[in-house]
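Overview (structure and organization)
Given next are the chains, with one letter for each unit.
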Amino acid sequence: SMKIYHNPRCSTSRKTLDLLKEKGLEPEVILYLTNTPTAKELSAVLNQLGMTAFDLIRKNEAIYKDNYKDKEHSNKEWIDILVANPKLIERPIIINNGKAVIGRPIERVLDII
């Protein structure tokens, strides 16, 4: 089943969800800011994305700049940081049939539907 890690306050996330619905798809919407993935879930998503946790961080966020910029952490530590600070998770993430993409640009979701 298709899932989208979604932030309704993000215009890119809203546009991506709209695109999926225009294609006749109804993904499971995960509001990751309130329903934060566990470290295990996030690790699985990262495997599907083919990315490290550091690659998934929104580096323009104040939380990152104030607390984590220029600091070395293991992948597991970065995952724990993302779980503790879900606002740092890049969005939207779309998962379909074991594959995942970040919807930036929005058209990237077409690669997995």
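Preceding this section is the structure that the text describes.
A brief structural summary.

Definitions and limits used
- Residues numbered from 1 in each chain as written.
- Predicted model: local features only at pLDDT ≥ 70, side-chain atom pairs only at ≥ 80, totals over all residues.
- Heavy atoms only, no water.
- Pairing = 2+ DSSP bridges.
- Helix = DSSP H or I, 4+ residues; strand = E, 2+ residues; numbered from the N terminus.
- Axes fitted to C-alpha atoms, helices over the stretch in contact; angles between N-to-C directions.
- Contact = heavy atoms within 4.5 Å.
- Salt bridge = Lys/Arg side-chain N within 4 Å of Asp/Glu carboxyl O.
- Buried < 20%, exposed > 50% of the residue type's maximum accessible area, 1.4 Å probe, protein only.

**Side note on the sheet that holds strand S1 (residues 3-6)**
In spatial order, the strands read S2-S1-S3-S4; together these four strands make up an open sheet with mixed pairing. Looking at which strands have only one partner, the edges of the open sheet turn out to be strand S2 (28-31) and strand S4 (99-102). On average, adjacent strands in this sheet sit at an angle of 20° to one another, irrespective of strand direction. With four bridges joining them, strand S3 (residues 93-96) and S4 adopt antiparallel strand pairing. Within the sheet, the bridge partner assigned to Asn96 lies in S4 and is Lys99. Packing against the sheet, helix H1 (residues 11-22) makes contact with S1, S2 and S3, and its axis sits at approximately 160° to S1. Packing against the sheet, helix H2 (residues 39-49) makes contact with S1, S3 and S4, and its axis sits at approximately 85° to S4.

**Here's the deal with the pattern of salt bridges**
All told, the structure shown has five salt bridges when counted by the stated rule. Across the pair Glu90 and Arg58 runs a salt bridge, and its minimum N-O distance is 3.1 Å. In this pair, Glu90 sits in the loop between helix H4 (75-84) and S3 while Arg58 sits in the loop between H2 and helix H3 (62-67), placing the two residues 32 residues apart along the sequence. A relative accessible area of 18% places Glu90 in the buried class. When its relative accessible area of 16% is taken as the criterion, Arg58 is described as buried.

**Observations concerning the environment of Ile113**
Assignment of secondary structure puts Ile113 in the segment after S4. With a relative accessible area of 38%, Ile113 lands in the partly exposed category. Each C-alpha atom, one on Ile113 and one on Ile79, is 27 Å from the other, the two residues being 34 residues apart in sequence. Filtering out sequence-adjacent residues up to four positions away, Ile113 remains in contact with Met2, Leu20, Lys23, Leu25 and Asn96.

**So, unusual backbone geometry**
Of the consecutive residues Arg91 and Pro92, the connecting peptide bond is found in the cis state with omega at -15°. Structurally, Pro92 can be placed in the loop between H4 and S3. A cis geometry characterises the amide bond from Arg104 onward to Pro105, with omega recorded as -5°. Mapped onto the fold, Pro105 is located in the segment after S4. Of note in the backbone geometry, Asn97 takes a positive phi value of approximately 50° without being a glycine. Relative to the elements of secondary structure, Asn97 occurs in the loop between S3 and S4.

This is a description of form; function is not addressed.
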